Amino acid sequence: MKNVTLLEIRNYFKENLKIIIFAGIFGIIASFIFCIFTPKLYEASFTLSLGRINALKINNSVDNRLDKEIPFVLDAQRSFKNPAWISSDILEKCGYTPSNKARKDLISAINVIRSPDNKELLLTLRIPGRENTKNCAEAVIGESLLTYNARLDQVLREILGDTPSMKASDFALKLSGLNGGLSISDSYVYPSFTKIIFGFSALLIVISLYIKSILMQINLRVKKSK
Amino acid sequence: MNYLDSLISDYKKNPKIPLIFVFCSAILYTFLNVYQLPVFFIPDILIFIFSIWAIININQRLSKLFIISLCLIIYFLSFSPEKLDIEFNNKFYITIKPLIYLLLLYFISDIKIEFNIKKITYSILILYPLMLIWSITFYYFNNGGTFLTRPYFIFENNFEIPLILSCFIIVAFIYRDKDIRIFFLVSLAVFLTGSRSGLIGFGLVAIPYLLSIGKKGFIFTFSLFLIVVGYLVYVRGLSAFNFSSIDRIQTLRGMFAYFNNDFWEILKHPFGVGIYKKIPIFFCAPLGPWAEWFTGSFFNCDPLLFQSYFTRSIFQLGIYVTFFVPFAFYWELRRVMGAVLPLLILAPVIAVSLSAGGFSNGLSFIGIIFCLLAYNQTKRLQT
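What follows deals with the nonpolar core. Ranked by internal contacts, the top residues of the largest apolar core, which has 109 residues, are Phe168, Phe329, Leu341, Phe365 and Ile368 of chain B. Once residues lying within four places of it in the same chain are set aside, the contact partners of Phe365 of chain B are Ile47, Tyr101, Leu104, Leu105, Ile108 and Phe329 of chain B. Grouped together as the second largest cluster of nonpolar side chains are 31 residues, Phe46, Ala109, Ile110 and Leu125 of chain A included.

Space inside the second largest pocket adds up to approximately 1,300 Å³. In this structure, the second largest pocket is lined by 31 residues; those nearest its centre are Val4, Tyr12 and Ser213 of chain A together with Leu62 and Phe66 of chain B. Only helix H1 (6-15) and helix H7 (193-225) of chain A together with helix H4 (66-79) of chain B provide two or more residues apiece to the lining of the second largest pocket. In terms of residue count, H7 of chain A provides more of the lining of the second largest pocket than any other element does, 12 residues in total. When its residues are assigned to classes, the lining of the second largest pocket shows 18 nonpolar, seven polar and six charged.

Mean pLDDT over chain B: 87, with 96% of residues reaching 70 or higher. The spread of mean pLDDT over the elements of chain B runs between helix H15 (residues 288-295) of chain B, the lowest at 68, and helix H17 (residues 319-337) of chain B, the highest at 95.

On to unusual backbone geometry. A cis amide bond, omega -5 degrees, links Tyr190 of chain A with the succeeding residue Pro191 of chain A. Its location among the elements puts Pro191 of chain A in the loop between strand S8 (177-184) and H7. Within the chain, Gln36 of chain B stands out as a residue other than glycine whose phi angle is a positive 50 degrees. Topologically, Gln36 of chain B is positioned in the loop between helix H2 (16-35) and helix H3 (42-56). One non-glycine residue, Gln307 of chain B, lies in positive phi territory at about 65 degrees.

Quick look at the packing of aromatic side chains now. All names here are of chain B. According to the stated counting rule, one finds 38 aromatic pairs over all chains in the structure shown. With a centroid separation of 4.9 Å and an interplanar angle of 5 degrees, the aromatic rings of Phe183 and Tyr209 are classed as stacked. Here Phe183, found in helix H9 (residues 180-193), pairs with Tyr209, found in helix H10 (residues 196-212); they are 26 residues apart in sequence, far enough to count as distant. With respect to burial, Phe183 and Tyr209 carry one shared label: buried. Three or more aromatic residues link up through ring pairs in this structure, and these residues are Tyr101, Tyr309, Phe310, Phe323, Phe329, Phe359 and Phe365. Over the face of the ring belonging to Tyr175 we find Lys118, whose NZ or CZ atom lies 4.9 Å from the ring centre.

Quick notes on the rules
Residues numbered from 1 in each chain as written. Chains lettered and ligands numbered in written order. Predicted model: local features only at pLDDT ≥ 70, side-chain atom pairs only at ≥ 80, totals over all residues. Heavy atoms only, no water. Core = buried A, V, L, I, M, F, W, Y, C linked by side-chain atoms within 4.5 Å. Buried < 20%, exposed > 50% of the residue type's maximum accessible area, 1.4 Å probe, protein only. Contact = heavy atoms within 4.5 Å. 1 Å grid on protein atoms, 1.4 Å probe; cavity = no way out; pocket = protein on both sides within 12 Å on 5 of 7 lines; lining within 4 Å. Points joined across faces, edges and corners; volume = space filled by probe spheres on them. Helix = DSSP H or I, 4+ residues; strand = E, 2+ residues; numbered from the N terminus. Nonpolar A, V, L, I, M, F, W, Y, C, P; charged D, E, K, R; others polar. pLDDT = per-residue confidence, 0-100. Phe/Tyr/Trp six-rings, centres within 6.5 Å; stacked < 30°, edge-to-face > 60°. Lys NZ or Arg CZ within 6 Å of the ring centre and 35° of its normal.

Rendered as C-alpha cells:
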C-alpha cells in the first residue's frame, strides 16, 4: 500500500467527482422520496403508576407483608406487547382499521420501560397523525387503568374471601393512575428530513467510492493474471 | 548529563523564562478559577488546528478501517433514534468524539511533522505538580483553610492525568530516560490529584517501569508508589475504594437496569440507544442533583451523567462500538509502533475511561498525539 499525500487526496476527489456528485444527488432524491412517502409519526409519552395494596393492622399501622403492586410490573409491561390485548375500539381511536395486522403494528409502535422500583411504567407511542396519537394514547391509558384497577379490586375480593375477619376498610389501596400528564409532540418526530438526507447521501457516497475501489482492484488483478 | 539535568542547567542559566512560565500558569489558573470561564473546548481547538497542519503534510499509508469509523459517525448522526419531543437535547458531540478522534488518528498516525516536543514533555512533568500545589494553596487561602483533595490545573484532574502519564511514557519508554526524579514528579502529580482512575493508570504504567530499572531504583520507586496508594486511601477514605459504593459502579448498575439487568439485552442493541436519547427519568432520579449541576435541570438526564466512557458508550453506542474504539486505536498505533508500546500508551486512557471521558477526552488524545510525535521523531533520528 503506497503512501497517501495531500495532493493524492485532492486528485482522488477530483477523479471521483462525478461519482460523488451522482451518488449525492441520488441519495438526496431517494431521501426526499422516502420522507414524502413515509407516514409522519407523532409521539405521545406518559407514565402509569401501578396500584398497590397494603394491609392495615387494627391500630392503623401498615403491615407491609401484603405490600405488593397490582398488577405485577412485569405482567403489565408484557401485556403491552400482546396484540390480543388491543380492542377494536382502541384500534379505531388510533386511526387503524381493526385487523390483526393493525394490532401487531400498534404493539410495535409502543415502547415500555419499567422503573427500577417496579412501581411505574413509562410508555411512548409513535403513530401517524397528531389527533390519532392523542386519541390513541388516551384510549390506551383508559383501557390500562380500567384493567389494572379491576385487577386490584379482584385481588382485594380474593383476600377478603380468604380472610373473613378482615374488612375492605382494613386495607390501604393505591389505585393505578396516570403520573403527571400526557405529553404529545409539537410536530412529527419521524422522519427527520435533514438527518435522513445527510445520512443517505453520505453513506451512498462512501459506499460508491468503496465499491469503485474494490472493482478497480479486481480489474487490476485480472489484468495482472492475464 | 541526561536531558533533565541539561534542562535544569538551562533553566538555571536563564531562570527568567521558566519563572515567567510558572508565574503565568499560576495567574491563568487563578483567573479561570475566579471568573469560572469555560475551557472545555480548548483541547479540541488545539486538536483541530494540529490536524489541519498534519493533514496538509500527510505522507503515510491510510488504513481502510477509517471507512468503518466514518460510516459509524454518519450512522449515529443520521439514524440514531430520536429523544422524546418534550426532552432537552443531549450534548451528543461529546459522545461521538471517540469516533472523530479515531478518524483523525488514521490520518496522523505516521506523522512526519518536525516538532520537537522533548522540552514540552519534560516541562509539563515539572510544571504540573507545581500547579497542583498552587491549586491547593489558592483554595486553602480562599476557603477558610480547607484542604482541596482534588486539585487541578485548568480542567478536572481526571482529564489531565492521561496527558501527564503520556508524557511519562514518552520520557521513560520512547526517550528511554529512566531518571527516578521523573517518576517522582509523576508520583507527586498522581499523589496530589487524589484520583482513583489516575492511580490505576499510573499503576499500569509503573509496572513495566519498575521492572526496567535496577534493584535500588525498584525499592525506591515501589515505595513511592505505595506512598501514593496510601495517601489516596487516606484522602478519599476506605469507602471510596469499596467496590459497591463507588459512584461509577452505581451508575454502571443504573445503566444495566435500563436493559433489565440482562446482558443479552445489551447485546441485542448493537448500536445502543443512539446519541439523542436521554436516560429515562426513573434511572436518572438517583443522579438528580448531579443532573442539575451538569445540565442546569433536574429533569435533563443527558447520558453524559454516566460519566465513565464505558458506561455511557455501552448505553449510547452499543457494546460492540464501545470496545471497537479502544481496539481500533490500538490496531492503528500498533501499525506504527509495534505491539507493546501502544498498550502502554492506551493504558492510562482506558483506566480513565472507567471514571471519566477517556477516549472522548481531548487531553487524552493530545497525549496520544504527543506519543506519536515523539516516537516518529525518535525513529527518524535513529535511522
